[in-house]
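Working through the structure, step by step
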Amino acid sequence: MIHLSFYDLLIAAALIALLATLSWHYRLGLTGQLIVASLRTLVQLLLVGLILKVLFETPNIWLLTLIACVMLAAASREVLARQKYPFKGWWGYGLSSGSMFISSFTVTLLALTVIIENQPWYSPQYAIPLLGMLLGNTMTGIALSLDRLSSDAYRQKNIIEQRLMLGQNSQTAIHHIKSDSLRAGLMPTINAMATAGLVSLPGMMTGQILAGSPPVEAVKYQILILFLITAGTGFGTLCAVSIASRHLFDERHRLRLDKLRR
Amino acid sequence: MSIRGASGSGKSLLLRCLADLDPHQGRIYLNGAEHLSLTAPQWRCKVGLMPATPVWWYDTVGEHLERKHLPHLEALGFSSDVLSWNIERLSSGEQQRLALVRLLAHEPEVLLLDEPSANLDQSNTQQMETLVLSYLKQRQAVAVWVSHDAEQASRVAQQCFVFQQRHLLPQTL
């Protein structure tokens, strides 16, 4: 493996600086965001690198659990932030964290104990990257689908209520919006699977090849990851949309948009 | 019965509460049974609300109504090819008449009609009134008819109420 020096990273950073300068010159209003996002990448990844270094040297299931909880909390906050009309109070937070916990953690656990079977199963070298990739993708899927669900429920309030007036139950009345929301949440993952290898080389596989792994091994891991991500995102999105679509109504099948923050 | 009242006096809200679409403290009875003794969808099949502005979710009339509803459609002046019509090309008056047929298709025992003839001319209003009254007679059903038109109220209703300062007061016809 070819080790990267500080100057190598500086060259890549110079490209970002050039882009920021161009954005400032053409008044695109992206300069600030670009710089903040780049600094966040730098600080967050360096910190994770340091934590992983310690964790790899002394594998500890409690420390691993703590890190997993921090990752889940950060992902839940992000899901909430990406929605235009999230649920009020702790409900929104609980819904996203619960759905991600059920899907990502279950799929990661299954992969670690049944497929990879490393000893110990919680070996951080496998557990953290796997959970990270699953959480990241599930987070995007859940955020997209919940945003679509609440926005469409808001926009199509009259249609939902007209269906209720004709005697449909709440889940039938909102069924078309649920389908669209699930599709919105799953489409990026399905597209990634459909174009993998043809349009782009997936990031993890590219990373492994750059780090010196045999291409066939990297491909096998990438297939595993893509399948796990799709399953995790699918289960998580399904869970979140099912619970959210029920919570949008009360026990008398009335549409309760007052539960959403506007 | 008909209900009249100024805009914003609570006529539509009352109809929505009767259809159990908005949370309320009241108790509603139909033939001695309280609304809570039925599930909300069962209740709304019996107590059907037609809002002032009906909405549609499929492209054509035929996706909302079936051939068996043609007698009602023809009674309101529609030709037999109405089922192939595109919803987007309908006038607000046509939409209102179709919404009435859609409501009657579910055979409710109580019709809650929120200004059902607001966008209709005199001839269509008459056809609508005739259809509603014959339905009520045939099905032994009742209707709560919100209307701004005092003359219409006297034509269709046996009891008339008016909203005044948030109270529903009886009025002589």
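Above this text sits the structure in question.
What you see is a predicted model, and the numbers here were worked out from it, not measured in a lab.

What counts and what doesn't
- Residues numbered from 1 in each chain as written.
- Chains lettered and ligands numbered in written order.
- Predicted model: local features only at pLDDT ≥ 70, side-chain atom pairs only at ≥ 80, totals over all residues.
- Heavy atoms only, no water.
- Helix = DSSP H or I, 4+ residues; strand = E, 2+ residues; numbered from the N terminus.
- Buried < 20%, exposed > 50% of the residue type's maximum accessible area, 1.4 Å probe, protein only.
- Contact = heavy atoms within 4.5 Å.
- Areas by Shrake-Rupley, 256 points an atom, 1.4 Å probe, with all protein chains shown as cover.
- Rg over C-alpha atoms; globule rule 2.2 N^0.38 Å.
- Buried area = accessible area lost by both parts, 1.4 Å probe.
- Salt bridge = Lys/Arg side-chain N within 4 Å of Asp/Glu carboxyl O.
- Polar contact = N/O pair within 3.5 Å; in protein donor to acceptor, adjacent residues only side chain to side chain.
- Pairing = 2+ DSSP bridges.
- Axes fitted to C-alpha atoms, helices over the stretch in contact; angles between N-to-C directions.
- Core = buried A, V, L, I, M, F, W, Y, C linked by side-chain atoms within 4.5 Å.
- Parallel < 35°, antiparallel > 145°, perpendicular 65-115°, else oblique.
- Left-handed = near helix turned anticlockwise from the far one by under 90°.
- Nonpolar A, V, L, I, M, F, W, Y, C, P; charged D, E, K, R; others polar.

**Notes on the overall build of chain A**
What chain A contains, in helices and strands, is 10 helices and zero strands. For chain A, the α and β elements follow one another from N to C terminus as α-α-α-α-α-α-α-α-α-α. Oriented by its inertia axes, the alpha-carbon framework of chain A measures out at about 65 × 55 × 40 Å. Burial status across chain A gives 38% buried among its 262 residues. Long-range pairs, those at least 24 residues apart, make up 71% of the contacts in chain A between residues at least 6 apart in sequence. For chain A, the accessible area works out to roughly 15,000 Å², and carbon and sulfur atoms hold 69% of it.

**A few points about the overall build of chain B**
A count of helices and strands for chain B gives six helices and eight strands. Overall, chain B shows an N-to-C arrangement of helices and strands of β-α-β-β-α-β-α-α-β-α-β-α-β-β. Relative to a compact globule of 173 residues, whose C-alpha radius of gyration would be 16 Å, chain B shows 16 Å and is just as compact. Taking all 173 residues of chain B together, the buried fraction comes to 49%. Within chain B, contacts between residues separated by at least 24 positions form 64% of all contacts whose residues are at least 6 apart in sequence. Within the structure as shown, chain B displays about 9,200 Å² of accessible surface, and the carbon and sulfur contribution to it stands at 47%.

**Here's the deal with the interface of chain B and chain A**
Size of an interface, as often reported, equals the accessible area lost when the parts are brought together. If you look at the interface, chain B gives 24 residues, while chain A gives 15 residues. Of the roughly 1,800 Å² buried at the junction of chain B and chain A (both faces included), carbon and sulfur atoms supply 58%. Its largest share of buried area at the contact with chain A, chain B owes to Leu 21, Arg 44 and Trp 57 of chain B, together 33% of the area lost on that side. Remark: the boundary between chain B and chain A carries three salt bridges. In this structure, Arg 252 of chain A and Asp 20 of chain B form a salt bridge, with 2.7 Å as the shortest nitrogen-oxygen distance. Across the chain B-chain A interface, the total number found is 10 residue pairs in polar contact (both at pLDDT 80 or more). When residues of the side of chain B that touches chain A are assigned to their parent elements, the largest contribution, five residues, is made by helix 2 (residues 40-46) of chain B.

**Some details on the sheet that holds strand 8 (residues 167-171) of chain B**
Residues and elements named next belong to chain B. A sheet is described by the order of its strands in space; here six strands give the open sequence 4-5-6-1-7-8, paired in mixed fashion. Two strands bound the open sheet, and with one partner strand each, they are strand 4 (47-50) and strand 8. Between one strand axis and the next, the sheet turns by 20 degrees as a mean value, whatever way the strands run. Where strand 5 (residues 110-114) and strand 6 (residues 142-146) come together, five bridges link them in parallel fashion. For Asp 114, the partnering residue across the bridge sits in strand 6 and is Val 146. Sitting on the sheet, helix 1 (residues 11-18) touches strand 1 (2-5), strand 4, strand 5, strand 6, strand 7 (160-164) and strand 8, and the angle it makes with strand 5 is about 150 degrees.

**Some details on the nonpolar core**
Counting 45 residues, the largest nonpolar core has Met 100, Ile 160 and Leu 248 of chain A together with Leu 112 of chain B as the members making the most contacts within it. Those elements that provide at least two residues to this core are helix 3 (61-81), helix 4 (90-116), helix 5 (124-155), helix 6 (157-165) and helix 10 (215-247) of chain A together with strand 4, strand 5 and strand 6 of chain B. Element by element, the count of residues in this core is highest for helix 5 of chain A, at eight residues. The next biggest cluster of nonpolar side chains, apart from the first, holds 31 residues, and it includes Val 61, Val 82, Leu 90 and Leu 120 of chain B.

**Concerning the packing of helix 1 (residues 6-25) of chain A against helix 2 (residues 31-57) of chain A**
All names here are of chain A. Running from N to C, helix 1 and helix 2 point in directions that differ by 160 degrees, and their axes come no closer than 8 Å. Classed by the angle they form, the pair helix 1 and helix 2 counts as roughly antiparallel. In this structure, helix 1 crosses over helix 2, and the sense of that crossing is left-handed. Contact with helix 1, carried on its side by Ile 16, Leu 19, Ala 20, Ser 23 and Trp 24, involves Thr 31, Leu 34, Ile 35 and Ser 38 of helix 2 and no other residues of that element. Across the contact of helix 1 with helix 2, the residue classes break down as six nonpolar, three polar and no charged.

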